[in-house]
Amino acid sequence: MAEQLGTLEELPQDYREAMDQAGVAPLWPMMRKVLPHGRPMPQTKASHFQYTQLRPLLLRAGELTPVEKAERRVLVMSDQGRGTGAMQATSTLYIGMQLLLPGEVAPAHKHTPSAARIIVEGEGGYTVVDGEKLPMKRGDVVLTPGGEWHDHGHEGTQPVVWLDVLDLPLFVYLEGSYAEEAPLQAQRNRPDASMVEYLASGLKPSRRGASARKYPMMRFPWERTEAALREMAKWGEGAVELDYVNPETGQDILPVMGFTAMMVRPGETLRPPLSSESAVFHVIGGSGHSMVEGVRIDWTERDTFTAPVFAQIDHTNTTDAPAFLIRVSDRPLQEKLGYYEERAR
Ligand code: GTQ
């Protein structure tokens, strides 16, 4: 039914005022705003954050604001559909670039939203989650799941920078976002689970009925991810993409956010189907360009860009070296809500 719905202006002034007084409003003039036909009408716009622009601003924040005054020294990367300052990159995903200088610590806290870090630059940074010390190396994905204590530290000599990805906007929308603070955590004196229990893909500890932790592996080393992508690319055709999964369950690594690692071969263009998820892409290595809803984004290593729901997306690598991206999306949330969808293009 493509019938034109009634407007507010059509209604008599006295009636509109009386409704206003009573705290009510007619649905029909607003109906299409909340229930558009055929597909959602996202406010989110494809946005591109160039690391060459962010880096000097972040280092300057390091001079201007001591970590004690910031708790987390972060530049928030805003969806340009909502405007700079918006605490979201898409409807559900928040991203920010965090700087920690040598010797600094970001104190322990825990909060209802989940976070993941993608390490952008620097050596010697670490995050402690629930007592487990997770080294932060370039390209690693490090999880701090909702409700888990975490603090950050830095034992190196150069600035450490990472991309924070949180499901914060969802929790703010739910009026469910809050944090608690505590002193730094005692650290367990052993390597993280990716180096012990889950060192080899396809193997996990025999537990004889005892159950694993809810988040058994919280660091996904990039070194292994890249090696797996390169090997896959040699032996198959089509998109080379790996899902990050919980090694105990095979499920997504966090409740709301899903992660994949992608390799775009030299000369290749990837054209994924349209999907109901919104996404953040972070470039680990290489360069290329993506078309997102007709917007061309020329990206290079350490850049970050976003795509709204149902966006037409092409990724092209015209260089002669492979390009590597990590993609974060809200698909796990949408699957839990029962509406995740893909459409042929
Ligand atoms: O490192 O714990 O970008 O709590 C925003 C909120 C980072 C963090 C952010 C946070 C953190």
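Residues numbered from 1 in each chain as written. Predicted model: local features only at pLDDT ≥ 70, side-chain atom pairs only at ≥ 80, totals over all residues. Heavy atoms only, no water.

A.B. asks: What should I look at first to understand the sheet that holds strand 15 (residues 269-270) in this one?
C.D. replies: A sheet is described by the order of its strands in space; here four strands give the open sequence 15-21-18-19, paired in antiparallel fashion. With partners counted over all chains shown, the strands left at the sheet margins are strand 15 and strand 19 (295-299), one partner each. Relative to strand 19, strand 18 (residues 288-292) runs antiparallel, the two being bridged by five bridges. By the bridge assignment, glycine 288 is partnered in strand 19 with tryptophan 299. (Pairing = 2+ DSSP bridges. Helix = DSSP H or I, 4+ residues; strand = E, 2+ residues; numbered from the N terminus.)

A.B. asks: Any chance you could explain the nonpolar core here in plain terms?
C.D. replies: Proteins that are soluble and globular tend to have nonpolar side chains buried together. Ranked by size, the top nonpolar core spans 54 residues in total, and within it Met97, Tyr244 and Phe259 carry the most contacts. Considering every element that reaches this core, the biggest residue donor is strand 10 (residues 160-166), with five residues. Leaving out residues up to four positions away in the same chain, tyrosine 244 has contacts with Val141, Phe220, Trp222, Thr225, Gln251, Asp252, Ile253, Phe259, Thr260, Ala261 and Ile326. In this structure, Ala279, Val292, Trp299 and Leu325 belong to the second largest nonpolar core, which totals 16 residues. (Core = buried A, V, L, I, M, F, W, Y, C linked by side-chain atoms within 4.5 Å. Buried < 20%, exposed > 50% of the residue type's maximum accessible area, 1.4 Å probe, protein only. Contact = heavy atoms within 4.5 Å.)

A.B. asks: So what exactly am I meant to see when it comes to the pattern of salt bridges here?
C.D. replies: When the charged atoms of two side chains with opposite charge come close together, those side chains can pair. Per the stated rule, a full pass over the model turns up 25 salt bridges. In this structure, the salt-bridge partner of glutamate 226 is arginine 230, at a minimum N-O distance of 2.9 Å. Separated by four residues within a single helix, glutamate 226 and arginine 230 lie in helix 6 (residues 222-235), roughly one turn from each other. Residue classification places glutamate 226 among the partly exposed positions, given a relative accessible area of 21%. You can call arginine 230 partly exposed: its relative accessible area is 38%. In this structure, arginine 345 engages aspartate 314 in a salt bridge whose closest nitrogen and oxygen atoms are separated by 2.8 Å. Linking arginine 345 in the segment after strand 23 (342-343) with aspartate 314 in strand 21 (residues 313-316), this pair joins segments that are 31 residues apart in sequence. Ionic contacts of the salt-bridge type, sharing partners, join the residues Glu132, Arg188 and Arg213 into one network. (Salt bridge = Lys/Arg side-chain N within 4 Å of Asp/Glu carboxyl O.)

A.B. asks: I tried to follow the environment of glutamate 155 on my own but got confused; where do I start?
C.D. replies: By the secondary structure assignment, glutamate 155 is in the loop between strand 9 (150-154) and strand 10. Taking C-alpha positions, glutamate 155 is 67 Å from leucine 11, a pair spaced 144 residues apart along the chain. Contact partners of glutamate 155, with chain neighbours within four places excluded, come to Gly124, Tyr126 and Lys133. At 2.9 Å, the side chain of glutamate 155 and the side chain of lysine 133 are in polar contact. (Polar contact = N/O pair within 3.5 Å; in protein donor to acceptor, adjacent residues only side chain to side chain.)

A.B. asks: Please explain the packing of aromatic side chains as it appears in this structure.
C.D. replies: The description of an aromatic ring pair uses the distance of the two centres, along with the angle that the planes make with each other. If you walk through the whole model with that rule in mind, you get five aromatic pairs. Pairing tyrosine 244 with phenylalanine 259 gives two aromatic rings, centres 6.4 Å apart and planes at 80°, and the pair type is edge-to-face. One end of the pair, tyrosine 244, is in the loop between strand 13 (240-243) and strand 14 (258-264); the other, phenylalanine 259, is in strand 14, with 15 residues separating them in the sequence. Across the pair, phenylalanine 259 and tyrosine 244 agree in class, each one buried. (Phe/Tyr/Trp six-rings, centres within 6.5 Å; stacked < 30°, edge-to-face > 60°.)

A.B. asks: Help me understand the site of the ligand, please; the structure alone is not making it clear to me.
C.D. replies: For the ligand, the full set of nearby residues is Arg72, Val74, Tyr94, Gln98, His109, His111, Arg117, His150, His152, Asp164 and Leu166. Within the contact set of the ligand, an oxygen atom lies 3.0 Å away from a side-chain nitrogen or oxygen of histidine 150. The protein chains hide 88% of the 290 Å² of surface that the ligand would expose on its own. When contributions to the shell around the ligand are tallied by element, the ones reaching two or more residues are strand 3 (94-100), strand 4 (105-111), strand 9 and strand 10. Residue composition of the shell around the ligand, grouped by class: three nonpolar, five polar and three charged. (Near = heavy atom within 4 Å. Areas by Shrake-Rupley, 256 points an atom, 1.4 Å probe, with all protein chains shown as cover. Nonpolar A, V, L, I, M, F, W, Y, C, P; charged D, E, K, R; others polar.)

A.B. asks: Would you mind showing me how to read empty space enclosed by the protein here?
C.D. replies: Summed over all chains, the structure comprises one cavity of 30 Å³ or more. As a volume, the largest cavity reaches approximately 40 Å³. Lining of the largest cavity is provided by Leu143, Lys214, Tyr215, Pro216, Met217, Asn246, Pro247 and Ile253. A class-by-class count of the residues in the lining of the largest cavity yields six nonpolar, one polar and one charged. (1 Å grid on protein atoms, 1.4 Å probe; cavity = no way out; pocket = protein on both sides within 12 Å on 5 of 7 lines; lining within 4 Å. Points joined across faces, edges and corners; volume = space filled by probe spheres on them.)

A.B. asks: Even after reading the chapter, I still don't get the sheet that holds strand 14, so can you show me in this structure?
C.D. replies: The strands making up a sheet associate through backbone hydrogen bonding, with each pair oriented either parallel or antiparallel. Overall, antiparallel pairing links the six strands, which are arranged 1-20-17-22-14-13 in an open sheet. The sheet is open, and its two edges are formed by strand 1 (48-49) and strand 13, each paired on a single side. Where strand 13 and strand 14 come together, four bridges link them in antiparallel fashion. Counted as the bridge partner of valine 240 is methionine 263 from strand 14. Sheet strands touched by helix 6: strand 13, strand 14, strand 17 (279-285) and strand 22 (323-329). Its angle to strand 13, the strand with the most contacts, is close to 140°. (Axes fitted to C-alpha atoms, helices over the stretch in contact; angles between N-to-C directions.)

A.B. asks: Teacher, can you tell me more about the pairing of strand 3 here?
C.D. replies: Burial within strand 3 is extensive, with seven of its seven residues counted as buried. Burial of the side chains of strand 3 extends over both faces: Tyr94, Gly96, Gln98 and Leu100 are buried on one face and Ile95, Met97 and Leu99 on the other. Relative to strand 3, strand 2 (residues 74-77) is paired through four bridges, and the arrangement is antiparallel. Counterpart to valine 76 in the pairing with strand 3 is glycine 96. By the bridge criterion, seven bridges tie strand 3 to strand 10 in an arrangement that is antiparallel. Bridged to tyrosine 94 within strand 10 is leucine 166.

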